[in-house]
Amino acid sequence: MFVIRGLFSPFAHVMFTAALGVVLGLAVARSGTRFIFPAFIVGLVPAIAGHMLWNGGLLVLFTDFFEFYFLIQLPLFLAALASIMALRRAERRVTEDRLGGYAAAGWFTAQEVHMLATRGGRSQALGWARRIGRQRTMKAFIRSATRLAFTRQRIIAGHDLQLNVGREQLLLADVTRLRRELLTTAAANTRG
């Protein structure tokens, strides 16, 4: 039981839950929270079907566990990994595009947009911030800028405009304050 549940399928239940999450996420991204309950019901279908396949696949479709695992479960896992990678690329594009709009308006530099939108840029920024003793501030800057990008995406999509425009103003003030803290500390370190 440990080998089958613990080693071969620790990802299975996560995939079933993620199927529900994907459907809910798509519904919210497209139409806000208006259709959250129907999306939940629709999302239950792949979640339940995946769980039924995992529990009953050997009884209904296959007689050999390894055949079942390598022909059904492993490809599903690889498809889930590919989906995660595609989502990460999509999030990077949204972050880069939306922060690029702020850069065009003078809120960010092109270098900051690259730093905030890419894993490598964030990693370098955190390393730099660690050296000047401001890693926590840099994490907050990255988090606020990313939230700003996705808030802008919601504004462009027309979701909860009043709420998101207010949130945008707060986030712009926050990234400005955090950048100032980082640059002030960096300037003090170069003088000292």
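Anything mentioned here points back to the structure above.
Note that the coordinates shown come from a computational prediction; the quantities given were computed from them, not determined experimentally.

Calculation notes
- Residues numbered from 1 in each chain as written.
- Predicted model: local features only at pLDDT ≥ 70, side-chain atom pairs only at ≥ 80, totals over all residues.
- Heavy atoms only, no water.
- Helix = DSSP H or I, 4+ residues; strand = E, 2+ residues; numbered from the N terminus.
- Rg over C-alpha atoms; globule rule 2.2 N^0.38 Å.
- Buried < 20%, exposed > 50% of the residue type's maximum accessible area, 1.4 Å probe, protein only.
- Contact = heavy atoms within 4.5 Å.
- Areas by Shrake-Rupley, 256 points an atom, 1.4 Å probe, with all protein chains shown as cover.
- Lys, Arg positive; Asp, Glu negative; His and termini not counted.
- Charge placed at Lys NZ, Arg CZ, Asp CG, Glu CD.
- Salt bridge = Lys/Arg side-chain N within 4 Å of Asp/Glu carboxyl O.

**Quick look at the overall build of the protein chain**
Across its full length, the protein chain carries 8 helices and 0 strands. Along the protein chain, helices and strands appear, N-terminal first, in the series α-α-α-α-α-α-α-α. What you see for the protein chain is a C-alpha radius of gyration of 22 Å, clearly larger than the 16 Å of a compact globule of 192 residues, by over 25%. Referenced to the eigenvectors of the C-alpha coordinate spread, the extents of the protein chain come out at roughly 70 × 40 × 20 Å. Here the protein chain holds 192 residues, and the buried ones make up 33% of them. Long-range contacts, defined here as pairs at least 24 residues apart, represent 57% of the contacts in the protein chain between residues at least 6 apart. Of the roughly 12,200 Å² that the protein chain leaves accessible, carbon and sulfur atoms contribute 65%. Taken as two groups, the 24 positive and 10 negative side-chain charges of the protein chain have centres that lie 7 Å from each other.

**Here's the deal with the pattern of salt bridges**
One pass over the full model with this rule turns up 6 salt bridges. Two residues, Arg179 and Glu112, come together in a salt bridge whose shortest N-O distance is 2.7 Å. Of this pair, Arg179 sits in helix 8 (residues 161-191) while Glu112 is found in helix 5 (residues 110-117), placing the two residues 67 residues apart along the sequence. Under the relative-accessibility criterion, Arg179 is labelled buried at 17%. The exposure class of Glu112 is buried, given its relative accessible area of 15%. Of the charged contacts, one joins Glu168 and Arg152 as a salt bridge, the two residues approaching to 3.6 Å between their closest N and O atoms. Here Glu168 is found in helix 8, whereas its partner Arg152 is found in helix 7 (residues 135-157), with 16 residues between them in sequence. The network of salt bridges with common partners includes Arg134, Asp174, Arg177 and Glu181.

As far as function goes, none of this settles anything; it's purely spatial.
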